Amino acid sequence: MGDRPTGKFSATSFHTSMLHQVLGRSASDHLLHSYHRSFNGFVAKLTHDEAQRLKGMQGVMSVFPNGKKQLHTTRSWDFMGFSEHVKRATTESDIIVGMLDTGIWPESQSFSDENFGPPPKKWKGSCQTSSNFTCNNKIIGAKFYRSDKKFSPFDFKSPRDSEGHGTHTSSTAAGGLVSKASLFGIGFGTAIGGVPSARIAVYKICWFDGCADADILAAFDDAIADGVDIISISVGSFSAVNYFEDTIAIGSFHAMKKGILTSNSAGNSGPDAASLANVAPWTLSVAASTVDRKFVTRVKLGNGEVYEGISINTIDYKGKMFPLIYGGDAPNRTGGYQGSNSRFCSLGSLDEKLVQGKIVLCDELNDGFGAATARAVGSVMQGNDDRDVAYSFPLPNSYLDLYDGIKIASYLNSTSIPTATILKSTAETNEFAPVVVSFSSRGPNPITNDILKPDLTAPGVDILASWTQASSPSEGDPRISPFNIISGTSMSCPHATAAAAYVKSFYPSWSPAAIKSALMTTATPMSVEANSDAEFAYGSGHLNPSMAVNPGLVYDAGELDYVKFLCGQGYSDKNLSLVTGDNRSCSNSTNATVWDLNYPSFALSTKPGNNTTQVFHRTVTNVGSAVSTYRAVVYTRPGLMIKVQPSVLYFKSLYQKQSFVVTVTANVGKSVNMISASLVWDDGVHHVRSPVVAFVAPPTND
């Protein structure tokens, strides 16, 4: 995906001509979309053989199938010490946040444009208005993309959100203040986005069946040209792919070139190692962690005993008791099920005649539809799965650990008329927060081991935010709510997006890398004891937006730095020139190692039991006090030796740059597979912290 050629250029004619050479016949019916506003590329209907012929043509950088990516699905801001009363820049209302998601519900109170003036003059976008959608001075632009033109009956052919995900992420990032917000009384309080005065530009790329690569690129193409300041995309593959086979990496590279930082979700495939979905070094990859509020759901038995589980249960039975039955005692025998199957309460496994009107005890965590379709009034699930996130179910439900589950089973077998009720969920304090949630994808970086990912973590568990009015907050529930409580790195991503927008509002000329550096080096350190995967779980630490506007020093980088990095990764001259839009090529002067990319963290992969030494070159830019002296402070552990030269940096002016070298010697793998340390540049006011990680490299597929 190369740069858009300068001067007069007809993308459609050029792309049609290329296709004609491949097909040997009229190509207009095969060309589905031309990218022409910010970069040069197109979408076409081709057979495998035709795609291979196109791939071999001169001037073609890459050809890949139009795959599908998935969505990575208020107390949080206060938890981070970033309340609605935090110091704001007067230019916050000039910041435009581009949201690439499922669309938006414009009538939500979070998107009221009361007291907003007209859009910033830099705005070049538009609003795809329709009979059911209009923009305002808060939502200043909205577009939708569906390259294959296949719509579900449940989809809106407009930027309107039928899923809820995009409304939730948009309000988390930039929604206005809404008092008395809750999900049917749960999580009651004030809902507000991180940059409530910022404008929102909506790019609907995700539908009932996922998010097409062709549509993702089209949205990036428009968002860059429209003039957004930050791009937020809570979307990704199930696993990371090569940078230039990944449409998010491609689109965000072009955004970076235009001074736009892309914030994206790390993925929801944790806690498996190397499960990250978005790892390009020019983007901000965000993990998900807990806040100091959790939702618990209690189960009360007929004998008066009460057990505490987790879920989001909005239905209040007001203490009414119901018969209790074990799923294993209610198999749907006519459907071919035995008790050994029905004990898990899977869909179709339960006998409706035995279950109807009862609460069912199930031997695993599932979606609850097995009990719901058998017309139960609730379910109690027991298991060993992580209990660090609460989910909604089609019926009242509580998920208990096995210890309490065994007690309930014992009660059930001790009486001829066992009864129980499930109470409405309540909010309680989570004194262990923040902890990276189990589902959040982990490092190491599967594409480039020695770039530490994720970059940081942010609140992504049990987040209350606005919701569409076109669907229920939980599947199977006919009720509608203007708010919902959901979890995912999709929820943590817009928190980081808002923090980036907040920094941008104070420093509009800062590069994407400088903003990212400010967020990373001011992140709050997290506990290794509470997060066994350490930096592979939380990166530089927990997002701290209010500190990020005064980072002291930043690790800056631009297009040339990333070009050098790509050259060092083995990208060919042909591919490189078409990405950058010029004729530069990889040479000794442009071929840099991964350890020389001016990144705000340090990672070194090693072989087990071997001493490995690596040299890192870094440059910092002074954005704190004009005249200042920073001293290097190293916090390390046995097995990891770190030397910094020089160990003192002297600055005489703002934006002065100083370079230093970090030499890391590691011996990992004898007793542990990973050693964590940190380097802090300290001037007595600012503490510019970078994690240093040495680890045993994961096995390759070679």
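So, here is what we can say about the structure in this document. Because the structure is a prediction, the values reported are computed rather than measured.

**Some remarks on the sheet that holds strand β5 (residues 96-101)**
Step number 1: Pairing is parallel across the open sheet formed by seven strands, whose spatial order is β6-β9-β5-β12-β14-β15-β24. Here the strands that pair on one side only, and so sit at the sheet edges, are β6 (139-144) and β24 (456-459). Taking the axes of each pair of neighbouring strands and ignoring which way they run, one obtains an average angle of 25° across the sheet.
Step number 2: Where strand β15 (residues 283-289) meets β24, four bridges bridge the pair, whose relative direction is parallel. Within β24, the position partnered with Ser289 by the bridge is Pro459.
Step number 3: Sheet strands in contact with helix α11 (residues 489-506) are β5, β12 (230-233), β14 (261-265), β15 and β24, and its direction is about 130° off that of β15.

**Considerations on the sheet that holds strand β28 (residues 602-606)**
Step number 1: Read across the sheet, five strands follow the order β28-β35-β34-β30-β32 without closing on themselves; strand pairing throughout is mixed. With one partner strand each, in any of the chains shown, β28 and β32 (648-651) form the two edges of the open sheet. When the angles between neighbouring strand axes are averaged without regard to direction, this sheet yields 15°.
Step number 2: Pairing between strand β30 (residues 628-635) and β32: four bridges, direction antiparallel. Opposite Arg631, over in β32, you have Val648 as the bridge partner.

**Section: the pairing of β28**
Step number 1: Within β28, four of the five residues are buried, leaving the element largely enclosed by the surrounding structure.
Step number 2: With five bridges joining them, β28 and strand β35 (residues 687-696) adopt parallel strand pairing. Paired with Leu604 across the bridge in β35 is Ala694.

**What about the nonpolar core?**
Step number 1: Tyr203, Ile205, Val228, Tyr243, Trp282 and Leu519 are the most contacted members of the largest nonpolar core, which totals 94 residues.
Step number 2: Of the residues forming this core, the biggest block, eight residues, is contributed by helix α5 (residues 213-226).
Step number 3: Excluding residues within four positions of it along the chain, Trp282 makes contact with Tyr243, Phe244, Ala249, Ser252, Phe253, Met256, Leu261, Lys516, Tyr562, Phe565 and Leu566.
Step number 4: Membership of the second largest hydrophobic core comes to 25 residues, among which are Val662, Ile675, Leu679 and Trp681.

**Focus: α5**
Step number 1: When the terminal C-alpha atoms of α5 are compared, their 20 Å separation across 14 residues agrees well with the 20 Å that a helix rising 1.5 Å per residue should span.
Step number 2: A large share of α5 lies buried, amounting to 14 of its 14 residues.
Step number 3: Of the residues flanking the end of α5, it is Gly227, one or two places downstream, whose phi is positive at about 105°.

**Thoughts on the pattern of salt bridges**
Step number 1: Evaluation of the coordinates by the stated rule reveals 17 salt bridges.
Step number 2: Asp229 serves as the salt-bridge partner of Lys122, at 2.7 Å between the closest nitrogen and oxygen. Residue Lys122 is located in the loop between β5 and β6, and its partner Asp229 is located in the loop between α5 and β12; the two are separated by 107 residues in the primary sequence.
Step number 3: Judged by relative accessible area, which is 31%, Lys122 ranks as partly exposed.
Step number 4: The exposure class of Asp229 is buried, given its relative accessible area of 10%.
Step number 5: Connected via shared salt-bridge partners are Lys143, Asp222 and Asp226.

**Notes on the side chain of Thr283**
Step number 1: Following the sequence through the fold, Thr283 ends up in strand β15.
Step number 2: A polar contact of 2.9 Å, which involves the side chain of Thr283, links it to the backbone oxygen of Ala280.
Step number 3: What Thr283 contacts, discounting residues up to four positions off in sequence, is Ser252, Thr262, Asn264, Lys453, Asp455, Lys516 and Tyr599.

**Description of the state of the cysteines**
Step number 1: Scanning all chains against the criterion turns up four disulfides.
Step number 2: Paired by a disulfide, Cys127 and Cys135 hold their sulfur atoms 2.0 Å apart. Between Cys127 and Cys135 the disulfide shows an S-S torsion of about 90°. By sign, it is right-handed.
Step number 3: Its relative accessible area of 24% is what places Cys127 among the partly exposed residues.
Step number 4: The class of Cys135 is partly exposed, set by a relative accessible area of 22%.
Step number 5: Covalently, Cys206 is tied to Cys211 through a disulfide, its sulfur atoms 2.1 Å apart. Between Cys206 and Cys211, the S-S dihedral sits near 105°, and the bridge is therefore right-handed.

**Structural notes on the packing of helix α6 (residues 247-257) against helix α15 (residues 559-568)**
Step number 1: Viewed as axis vectors pointing N to C, α6 and α15 meet at an angle of 145°, and their least axial separation amounts to 10 Å. Only Glu559, Tyr562 and Leu566 of α15 make contact with α6, whose side of the interface consists of Phe253, Met256 and Lys257.
Step number 2: For the contact of α6 with α15, the class distribution of residues is four nonpolar, no polar and two charged.

**A look at the packing of aromatic side chains**
Step number 1: Inspection of every chain in the model, using the stated rule, returns 18 aromatic pairs.
Step number 2: Taken together, a centroid distance of 5.0 Å and an interplanar angle of 85° make the contact between Phe253 and Trp282 edge-to-face. Note that Phe253 is positioned in helix α6 and Trp282 in the loop between β14 and β15, a separation of 29 residues in sequence. Trp282 matches Phe253 in its accessibility class, with the two residues each being buried.
Step number 3: Relative to Tyr562, the ring of Trp282 lies with its centre 5.8 Å away and its plane at 80°, an arrangement referred to as edge-to-face. Residue Trp282 is found in the loop between β14 and β15, and its partner Tyr562 is found in helix α15; the two are separated by 280 residues along the sequence.
Step number 4: In this structure Tyr562 comes out as buried when scored by relative accessible area, which is 4%.
Step number 5: An aromatic cluster is built from Trp77, Phe82, Tyr502, Phe506, Tyr507 and Trp510, whose rings are joined through pairwise contacts.
Step number 6: Over the face of the ring belonging to Trp105 we find Arg160, whose NZ or CZ atom lies 4.4 Å from the ring centre.

**Things to note about unusual backbone geometry**
Step number 1: The residue after Gly443, namely Pro444, is reached through a cis peptide bond having omega 5°.
Step number 2: Its location among the elements puts Pro444 in the loop between β23 (426-429) and β24.
Step number 3: Cis geometry marks the peptide bond from Lys453 to Pro454, where omega comes out at 0°.
Step number 4: Relative to the assigned elements, Pro454 resides in the loop between β23 and β24.
Step number 5: If you check the backbone angles, Lys149 has positive phi at about 60° while not being a glycine.
Step number 6: Relative to the helices and strands, Lys149 is located in the loop between β6 and α4 (165-174).

**Some points on the environment of Thr429**
Step number 1: Relative to the elements of secondary structure, Thr429 occurs in strand β23.
Step number 2: In sequence terms Thr429 and Arg689 are 260 residues apart; their C-alpha atoms lie 29 Å from each other.
Step number 3: Ignoring sequence-local partners within four residues, the contact set of Thr429 consists of Asp292 and Lys294.

Definitions and limits used
- Per chain, residues are indexed from 1 in the order of the written sequence.
- Local features in this predicted model are restricted to residues whose pLDDT is 70 or higher, and side-chain atom pairs enter the listing and the counts only when it is 80 or higher, whereas totals over whole chains, interfaces and linings include all residues.
- To obtain the side-chain values, all non-hydrogen atoms of the structure were used and water was disregarded.
- A pair of strands is labelled paired if DSSP reports no fewer than 2 bridges between them.
- The way it works is that DSSP assigns letters per residue, a run of H or I at least four long becomes a helix, a run of E at least two long becomes a strand, and they are numbered from the N terminus.
- Angles shown run from 0 to 180 degrees and are taken between the N-to-C directions of axes, each axis being a line fitted to C-alpha atoms and, for helices, limited to the stretch in contact.
- Every residue pair with non-hydrogen atoms within 4.5 Å of one another is taken to be in contact.
- A 1.4 Å probe rolled over the protein chains alone gives each residue an accessible area, and that area as a share of the maximum for its type sets the label: buried under 20%, exposed over 50%, partly exposed in between.
- Put simply, buried Ala, Val, Leu, Ile, Met, Phe, Trp, Tyr and Cys residues joined by side-chain atoms within 4.5 Å make one nonpolar core.
- The span you would expect from a helix comes to 1.5 Å times its residue count less one.
- Within this document, salt bridges are pairs made up of a side-chain nitrogen of Lys or Arg and a carboxyl oxygen of Asp or Glu, the two lying within 4 Å of each other.
- N or O atoms within 3.5 Å of each other form a polar contact, as long as, within protein, one can give a hydrogen and the other can take it, and as long as residues adjacent in sequence are counted only when both atoms are side-chain atoms.
- For the purposes of this analysis, a disulfide is any pair of cysteine sulfur atoms at a distance within 2.5 Å.
- Under the grouping applied here, Gly and all other residues not named as nonpolar or charged are polar, the nonpolar ones being Ala, Val, Leu, Ile, Met, Phe, Trp, Tyr, Cys and Pro and the charged ones Asp, Glu, Lys and Arg.
- Planes of paired rings set the category: under 30 degrees apart is stacked, over 60 is edge-to-face and the rest tilted, where pairs are Phe, Tyr or Trp rings (Trp by its six-membered ring) whose centres lie within 6.5 Å.
- We call a charge positioned over a ring when the NZ of a Lys or the CZ of an Arg lies within 6 Å of the ring centre and within 35 degrees of the ring normal.

All we've got here are geometric facts, nothing functional implied.
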